[in-house]
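Coordinate inspection notes
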Amino acid sequence: MANISKRNRRREKEIMDASKNRREIIAAQFSRRDLMKMGLLTTAGFLIPKNGLSARAPQFGGGGFGGNCFGFYGQGGTPVSPPTTPYLEAMPIPPIAQPVLNADALTGPLPQAAPNTAAGEGRTRTHQAFTTLPPQKYYEVHQIEANISMHPQLPVQKLWTFNGTVPGQTYVSQYGQPNLVRNFNDLPANNGGFGIQSVSTHLHNGHTPSESDGFPCDFFGVTKWYDQHYPNVLAGFASTHPPTGDINESMSTLWYHDHRVDFTAQNVYKGLAGFYLLFNQFDTGNETTGFRLPTFPDFDIPMMFNDKIFDPTTGLLVFDLANRDGILGDKFLVNGKIQPFFNVKRRRYRFRWLNGGPSRFYQFYITKQDNTNHNFWVIANDGNLLPNPVLTSNGVRIAVAERMDVIVDFSSFAAGTKLYINNRLEQCDGAGPTDNIVSASQGNKVLEFRVTSDAVSDGSVNPATNPSFYAVPAREPEDETRCFKFDRENGQWVINDEVFACDDVRFKVKRNDAEIWNLEGGFNWQHPIHIHFEEHQIVKRNGNTPTLIERGRKDVVRLGENDDVELFFRFRDFVGRYPMHCHNTIHEDHAMMLRFDIDDVGNSNESDCGRRF
Ligand SMILES: [Cu+2]
């Protein structure tokens, strides 16, 4: 509690300062670098107030933040979203992407390994695996502005989308069947206040060659297109487990989102994100085969969670360009709708929960109408099925960009019963959650389940029988150890005291090497750290074996205040540039990122570990 009080006092002072001199900067396309150039940001201080629009915004309709955030409501002049009535509309399920007939059916020239700059392609590097893993399915997607309704009591408004929906279309892919996605940038000239019209689409958790990964500096402009080649191949196919890769490296719930350097937060907040699901002979999408997980798409439902802020006068989405701490919204969206409902049958469901950001951590419970909990199973963390389901009675924590696949069993409830996805994690500002769990009645009830009277059958496996999924791949002695400190210094987000630059290769990993990375958090901040391309296993968290839910393979690791985590990696198959960064997208855009390259010659940079467990 002492820690919370200290944080509250600090917040109170910041809010009082902000209320004196705050004004909105709703101007086009200011990046961190622009703001610094204009003298609006200094390295040591903040000429403009740094507080988030929503640091203390109350929530309407679904329960308040509760706990220690309450003390700040109503002070200062930051926007509070207009009230909205919860559970008026059904949760949308994003459409499934449909491939075109063949390569000839794509708009423009036939795809090729080399970048086709003459024909308007924005890609600059040759596909590494175009001939060895040739595409079998071809997709075309257009990034366009579209009129979107997020709630019937707010105006329809212009968001940026993939093919016109938020979230974008869901790609449903099979291991062993490479995809090519021709990605067109058709964004409008007017950005409506924030967002930039150049993009780099990242396939988050993809084992993807660097030139198709969506590296932040591989952005391309309006009217350009970019062929992204997704081999859908298991790690190890070219080395330890030829020719198809290690089945225990299988992934299931991936997502894609804009990753444009300095503008990721704005462009994702504006709508540029969607799901990418991978199935195989075990995770089949059919509950009568393989692991017998609930059948896709009827009972296997992706859910993207976002928190956003709306202008109290116009009802339009606002993004605080001045905030460098992390933006907290006071409206909670699931698949693009504010507090929707979702009808369920009396049976088991697989939900794929994704925290789509920008800055909030969740701890989700399933709450009944009497505010007691309904326990559920966690079966996957990030893209990866756990070795076995884990029953949780204490909810599940999900930092930005993390995914948790869960199994919720509604079979014990009578038709007409209502239950809620309830975020009970207190978070007052962009620093990270206080770790205080508020009471169920004070949580953010972000979605209402309505149990229907429909006829039901359920062929899915009962997680209580403790089915086994994939084994955790064996670790091996590391060839290299590297250490990273994530901190804030002189008003800058830094990794090992440095900010991101596109051309700054901080270290080189030797292809096929095993490595241990030690990540250390700083004082007073929490960071969800995402590392592209290869997944990690958490070896130790603060010297301890991780929890069962963290004992799988991951691509995001939560760094709590002063945390120390030890990660094991095995880098295989492709070479090229990849980033590691904080996935609080505000921190990311303010340069809490680094570039590393995978190459056939490595080095020992960033390896001076002051402390080891
Ligand atoms: Cu961070």
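Rules used in this analysis
Residues numbered from 1 in each chain as written. Predicted model: local features only at pLDDT ≥ 70, side-chain atom pairs only at ≥ 80, totals over all residues. Heavy atoms only, no water. Helix = DSSP H or I, 4+ residues; strand = E, 2+ residues; numbered from the N terminus. Buried < 20%, exposed > 50% of the residue type's maximum accessible area, 1.4 Å probe, protein only. Contact = heavy atoms within 4.5 Å. Pairing = 2+ DSSP bridges. Axes fitted to C-alpha atoms, helices over the stretch in contact; angles between N-to-C directions. Polar contact = N/O pair within 3.5 Å; in protein donor to acceptor, adjacent residues only side chain to side chain. Donors = N, O, S within 2.8 Å, 3.2 Å for Na, K, Ca; no water. pLDDT = per-residue confidence, 0-100. Disulfide = S-S within 2.5 Å. Phe/Tyr/Trp six-rings, centres within 6.5 Å; stacked < 30°, edge-to-face > 60°. Lys NZ or Arg CZ within 6 Å of the ring centre and 35° of its normal. Lys, Arg positive; Asp, Glu negative; His and termini not counted. Salt bridge = Lys/Arg side-chain N within 4 Å of Asp/Glu carboxyl O. Core = buried A, V, L, I, M, F, W, Y, C linked by side-chain atoms within 4.5 Å.

**So, the overall build of the protein chain**
If you tally the helices and strands in the protein chain, you get five helices and 31 strands. Expressed as a percentage of the 613 residues in the protein chain, the buried residues total 64%. Across the protein chain, contacts joining residues at least 24 apart in sequence account for 77% of those joining residues at least 6 apart.

**Quick word on the sheet that holds strand S29 (residues 564-570)**
Strands sit in the order S23-S22-S25-S29-S27 across an open sheet of five strands; the sheet is mixed. Looking at strand neighbours, the two that pair on one side only are strand S23 (492-495) and strand S27 (536-541), the edges of this open sheet. Pairwise comparison of adjacent strand axes, ignoring direction, gives a mean angle of 20° for this sheet. When strand S25 (residues 514-521) meets S29, the two strands line up antiparallel, connected through seven bridges. When the sheet's bridge partners are listed, Glu-515 is paired in S29 with Phe-569.

**Some remarks on the environment of Arg-125**
Structurally, Arg-125 can be placed in the loop between helix H2 (32-37) and strand S1 (137-148). A C-alpha to C-alpha distance of 6.1 Å links Arg-125 and Pro-115, two positions 10 residues apart in sequence. Looking at Arg-125, its side chain comes within polar contact range of the side chain of Ser-210, at 2.8 Å. At 2.6 Å, the side chain of Arg-125 forms a polar contact with the side chain of Asp-218.

**Some words on the pairing of strand S9 (residues 300-310)**
The buried fraction of S9 is high, at 11 of 11 residues. Neither face of S9 is left uncovered, since the one carrying Asp-300, Pro-302, Met-304, Asn-306, Lys-308 and Phe-310 and the one carrying Ile-301, Met-303, Phe-305, Asp-307 and Ile-309 both have all their residues buried. Pairing of S9 with strand S14 (residues 348-355), which is carried by six bridges, proceeds in the parallel orientation. Residue pairing across strands places Pro-302 opposite Arg-352, the latter belonging to S14. Examined bridge by bridge, S9 and strand S11 (residues 331-334) share four bridges and lie antiparallel to one another. Bridge assignment links Phe-305 to a residue of S11, and that residue is Val-334.

**Remarks on the coordination of the copper ion**
Put simply, a metal with four donors set out as a tetrahedron has ideal angles of 109.5 degrees, and one with six donors set out as an octahedron has ideal angles of 90 or 180 degrees. Those protein atoms acting as donors to the copper ion are His-527 (ND1), Cys-582 (SG) and His-587 (ND1), and they sit at 2.0 Å. Donor residues for the copper ion, ordered by position in the chain, follow H-x54-C-x4-H. Of this pair, His-527 sits in strand S26 (residues 527-531) while Cys-582 sits in strand S30 (residues 576-582); the two residues are 55 residues apart in sequence, bridging distant segments of the chain. Just as His-527 is buried, Cys-582 falls in that class too.

**Focus on the confidence of the model for the protein chain**
Across the protein chain, the average pLDDT comes to 89, with 86% of residues at 70 or higher. Here residues 41-67 is a poorly scored stretch, pLDDT under 50, and it has 120 contacts once near neighbours within four places are set aside; other chains count. In the model, residues 70-77 has pLDDT below 50 throughout and makes 22 contacts with residues more than four positions away in sequence or in other chains.

**Quick notes on the state of the cysteines**
One pass over the full model with this rule turns up one disulfide. Paired through a disulfide, Cys-217 and Cys-502 show a sulfur-sulfur distance of 2.0 Å. On the sign convention where negative is left-handed, the bridge of Cys-217 and Cys-502, at about -85° about the S-S bond, is left-handed. Note that Cys-217 is positioned in the loop between helix H3 (210-213) and strand S6 (225-230) and Cys-502 in the loop between S23 and strand S24 (505-510), a separation of 285 residues in sequence. A relative accessible area of 19% means that Cys-217 is categorised as buried.

**Here's the deal with the environment of Thr-208**
With respect to the helices, strands and loops of the structure, Thr-208 is situated in the loop between strand S5 (201-204) and H3. Take Thr-208: its relative accessible area is 1%, and that puts it in the buried class. Look past the residues within four positions of Thr-208 in its chain and what remains in contact with it is Leu-203, Asp-213, His-229, Tyr-230, Phe-533, Phe-574 and Tyr-578.

**Focus on the sheet that holds strand S4 (residues 179-185)**
Spatial strand order, S2-S1-S4-S6: four strands in an open sheet with mixed pairing. Only two strands of the sheet have a single neighbouring strand rather than two, namely strand S2 (157-162) and S6. Averaged over all pairs of adjacent strands, the angle between strand axes in this sheet comes to 20°, irrespective of strand direction.

**Points about the pairing of strand S17 (residues 384-392)**
Note: strand S16 (residues 376-381) against S17, five bridges, orientation antiparallel. The residue of S17 that forms the bridge with Trp-377 is Leu-391. Hairpin connection of S16 to S17: two residues between the antiparallel strands, including Asp-382 at a positive phi of 55°.

**A few points about the packing of aromatic side chains**
Within this structure, the stated rule accounts for 44 aromatic pairs. Between the aromatic rings of Phe-305 and Tyr-362, the centroid separation amounts to 6.1 Å while the plane-to-plane angle is 55°, which identifies the pairing as tilted. One end of the pair, Phe-305, is in strand S9; the other, Tyr-362, is in strand S15 (residues 362-368), with 57 residues separating them in the sequence. For the pair Phe-305 and Tyr-362, one class covers both residues: buried. Between the aromatic rings of Phe-507 and Phe-596, the centroid separation amounts to 5.4 Å while the plane-to-plane angle is 5°, which identifies the pairing as stacked. Of this pair, Phe-507 sits in strand S24 while Phe-596 sits in strand S31 (residues 593-599), and the two are 89 residues apart along the sequence. The same class applies to Phe-507 and to Phe-596, which are both buried. Through successive ring pairs, a cluster of aromatic residues spans Phe-237, Phe-484, Phe-507, Trp-517, Phe-533, Phe-569, Phe-571, Phe-574, Tyr-578 and Phe-596. Directly above the aromatic system of Tyr-365 lies the positively charged group of Arg-424, at a separation of 4.3 Å from the ring centroid.

**Section: the side chain of Glu-211**
As for its position among the elements, Glu-211 is in helix H3. Despite its burial, Glu-211 pairs with no opposite charge; the closest candidate is Arg-125, at 4.8 Å N-O. With sequence-adjacent residues up to four places away left out, Glu-211 is seen in contact with Arg-125, Thr-126, His-127, Gln-128 and Tyr-226.

**Examining the nonpolar core**
Counting 33 residues, the largest nonpolar core has Met-303, Phe-351, Trp-353, Phe-410, Ile-421 and Phe-449 as its most contacted members. Residue contributions to this core peak at four residues, all from strand S21 (residues 444-451). Those residues within four positions of Trp-353 in sequence are excluded, and the remaining contacts are Met-303, Phe-305, Phe-364, Ile-366, Phe-376, Val-396, Ile-398, Glu-402, Arg-403, Met-404, Val-406 and Ile-421. If you look at the next biggest cluster of nonpolar residues, it comprises 32 residues, including Leu-519, Phe-533, Leu-567 and Phe-569.

**Concerning the pattern of salt bridges**
On inspection of all chains with the given rule, the structure shows 37 salt bridges. Ionic pairing is found between Arg-397 and Asp-435, a salt bridge with its closest N-O pair at 2.7 Å. Taken as a pair, Arg-397 in strand S18 (residues 396-398) and Asp-435 in the loop between strand S20 (418-423) and S21 lie far apart in primary sequence, 38 residues in all.

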